[in-house]
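The lines below spell out each chain.
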Amino acid sequence: MTMTISNVGVVGAGQMGCGIAQVSAAAGYKVIMYDLAKERIEAGLATINGNLARQVASGKMSDDARKAALDRISGTTDINDMASLDLVIEAATEDESVKRKIFAQLCPVLKPEALLATNTSSLSITRLASATDRPERFMGIHFMNPVPVMKLVELVRGIATEEETFSTAKAFVTTLDKTITVAEDFPAFIVNRILLPMINEAIYTLYEGVGSVEAIDTAMKLGANHPMGPLQLADFIGLDTCLSIMQVLHDGLADSKYRPCPLLVKYVEAGWLGRKSGRGFYDYRGDVPVPTR
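About the criteria used
Residues numbered from 1 in each chain as written. Predicted model: local features only at pLDDT ≥ 70, side-chain atom pairs only at ≥ 80, totals over all residues. Heavy atoms only, no water. UniProt positions renumbered as here; feature names shortened; annotations may be inferred. Helix = DSSP H or I, 4+ residues; strand = E, 2+ residues; numbered from the N terminus. Pairing = 2+ DSSP bridges. Axes fitted to C-alpha atoms, helices over the stretch in contact; angles between N-to-C directions. 1 Å grid on protein atoms, 1.4 Å probe; cavity = no way out; pocket = protein on both sides within 12 Å on 5 of 7 lines; lining within 4 Å. Points joined across faces, edges and corners; volume = space filled by probe spheres on them. Nonpolar A, V, L, I, M, F, W, Y, C, P; charged D, E, K, R; others polar. Core = buried A, V, L, I, M, F, W, Y, C linked by side-chain atoms within 4.5 Å. Buried < 20%, exposed > 50% of the residue type's maximum accessible area, 1.4 Å probe, protein only. Contact = heavy atoms within 4.5 Å. Polar contact = N/O pair within 3.5 Å; in protein donor to acceptor, adjacent residues only side chain to side chain. Expected span 1.5 Å × (residues − 1).

## Overview of the UniProt feature "domain: 3-hydroxyacyl-CoA dehydrogenase C-terminal" (unreviewed entry) in the protein chain
(1) Moving on: Mapped onto this numbering, the UniProt entry annotates "domain: 3-hydroxyacyl-CoA dehydrogenase C-terminal" (unreviewed entry) at residues 189-284.
(2) Moving on: Here residues 189-284 runs as 61% helix and 2% strand, with 31 Å between its end C-alpha atoms.

## Some remarks on the sheet that holds strand 8 (residues 179-183)
(1) Moving on: The strand order across the open sheet built from eight strands is 3-2-1-4-5-6-7-8, with neighbouring strands paired in mixed fashion. A single partner strand is all that each edge strand has here, and the edge strands are strand 3 (73-76) and strand 8. With strand direction ignored, the average angle separating the axes of adjacent strands in the sheet is 25°.

## Here we look at the layout of surface pockets
(1) Moving on: Volume-wise, the largest pocket comes out at about 1500 Å³.
(2) Moving on: Lining the largest pocket are 49 residues, with Gln-15, Met-16, Asn-145, Ile-237 and Thr-241 positioned closest to its centre.
(3) Moving on: Its residues assigned to classes, the lining of the largest pocket shows 25 nonpolar, 15 polar and nine charged.
(4) Moving on: Considering the residues around the second largest pocket, the lining is formed by 20 residues, among which Gln-22, Thr-47, Asn-51, Arg-54 and Pro-148 are closest to the centre.
(5) Moving on: Of all the secondary-structure elements, those providing two or more residues to the lining of the second largest pocket are helix 1 (15-26) and helix 2 (38-57).
(6) Moving on: Looking at side-chain class alone, the lining of the second largest pocket contains seven nonpolar, ten polar and three charged residues.

## Topic: the UniProt feature "domain: 3-hydroxyacyl-CoA dehydrogenase NAD binding" (unreviewed entry) in the protein chain
(1) Moving on: Mapped onto the present numbering, the UniProt feature "domain: 3-hydroxyacyl-CoA dehydrogenase NAD binding" (unreviewed entry) falls on residues 7-185.
(2) Moving on: Helix makes up 39% of residues 7-185 and strand 22%, whereas the separation of the span's terminal C-alpha atoms amounts to 27 Å.

## Some points on the nonpolar core
(1) Moving on: Of all hydrophobic cores here, the largest spans 36 residues; its most connected members are Ile-5, Ile-89, Ile-141, Phe-143 and Phe-172.
(2) Moving on: Considering each element in turn, this core owes the most residues, six residues, to helix 1.
(3) Moving on: Filtering out sequence-adjacent residues up to four positions away, Phe-143 remains in contact with Met-16, Ile-20, Val-23, Ile-89, Asn-119, Leu-152, Val-153 and Leu-176.

## Re the environment of Arg-100
(1) Moving on: Of note, Arg-100 is situated in helix 4 (residues 96-106).
(2) Moving on: Taking the C-alpha atoms as reference, Arg-100 lies 26 Å from Tyr-29; in sequence the two are 71 residues apart.
(3) Moving on: Those residues in contact with Arg-100 that sit more than four places away from it in its chain are Arg-127, Ser-130 and Ala-131.

## With respect to the side chain of Thr-161
(1) Moving on: Positionally, Thr-161 belongs in the loop between strand 7 (152-157) and helix 6 (163-175).
(2) Moving on: We classify Thr-161 as buried; its relative accessible area is 12%.
(3) Moving on: Among the polar contacts made by the side chain of Thr-161, one reaches the main-chain carbonyl oxygen of Phe-138 at a distance of 2.8 Å.
(4) Moving on: A polar atom in the side chain of Thr-161 sits 2.8 Å from the backbone nitrogen of Gly-158.
(5) Moving on: In this structure, Thr-161 is in contact with Pro-135, Glu-136, Phe-138, Met-139 and Phe-166, ignoring residues within four places of it in sequence.

## Here's the deal with helix 7 (residues 191-207)
(1) Moving on: With 17 residues, helix 7 extends 24 Å between its outermost C-alpha atoms, agreeing within 8% with the 24 Å of an ideal straight helix rising 1.5 Å per residue.
(2) Moving on: Those residues of helix 7 not exposed but buried are Asn-192, Leu-196, Pro-197, Ile-199, Asn-200, Ala-202, Ile-203, Tyr-204 and Leu-206.
(3) Moving on: Among the structural elements, strand 6 (138-143), helix 8 (213-223), helix 9 (230-237), helix 10 (239-253) and helix 11 (262-269) are those in contact with the buried residues of helix 7.
(4) Moving on: Just past helix 7, the residue Gly-209 takes up positive phi, approximately 75°.

Take a look at the structure:
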């Protein structure tokens, strides 16, 4: 059995939330984006508009399709507006206590048959599901960043997730023209379980003086054919997010190979979180990013 999804809610108007709202609206779903801050919603809608306009400019989308997609998205700061939705995807910050607080406010508002999903990149789906009133209708739908560009979505079931929830999520993601990979509910799933230790190792390589920022990124771009170097990628992801995923791996699997590099911790403590804060392994405040060490 698969439920029919016709309207979708997204909690959080950040980078991920906006991306999920954009691809859902472009695929024909009505979307309501919820955030506490009105200015975040306005900024998010402006970002989506800009992204869609670029797709029109590059010939990937007609202007009529752009207008129709924008018409399907609305923003709200009132959680009660989520009451009639079929599927709600939480895309708030990667902090379990924040997510639990959202579920506590959201669940009483949702209709009983609504599905609830989280876009977490590393936290336990089973544990998050237990904080809701519908663990059997809850699962992980993990989009990659930037959502409109990246083809992959990881689907993760919790221990209580029902087959109908899974098949409905699968059908929904397929309509977004994404490729699905199914991961078991272990810390960081598949992509980040492999990617983040590689980034952490690149930071150790810098920390131990094996190579400079530039040397490490060049080596991996040209030596392993990666589209961007691991330190550049860390800055793009956000060093605070990198650190929190490494901590989830370290705590959840209790293996010293997942120990976050002290240099990563130091950068986060300095507030040098990468691109979004202007500095990380590169300084983004000038015209060209310059390595910070």
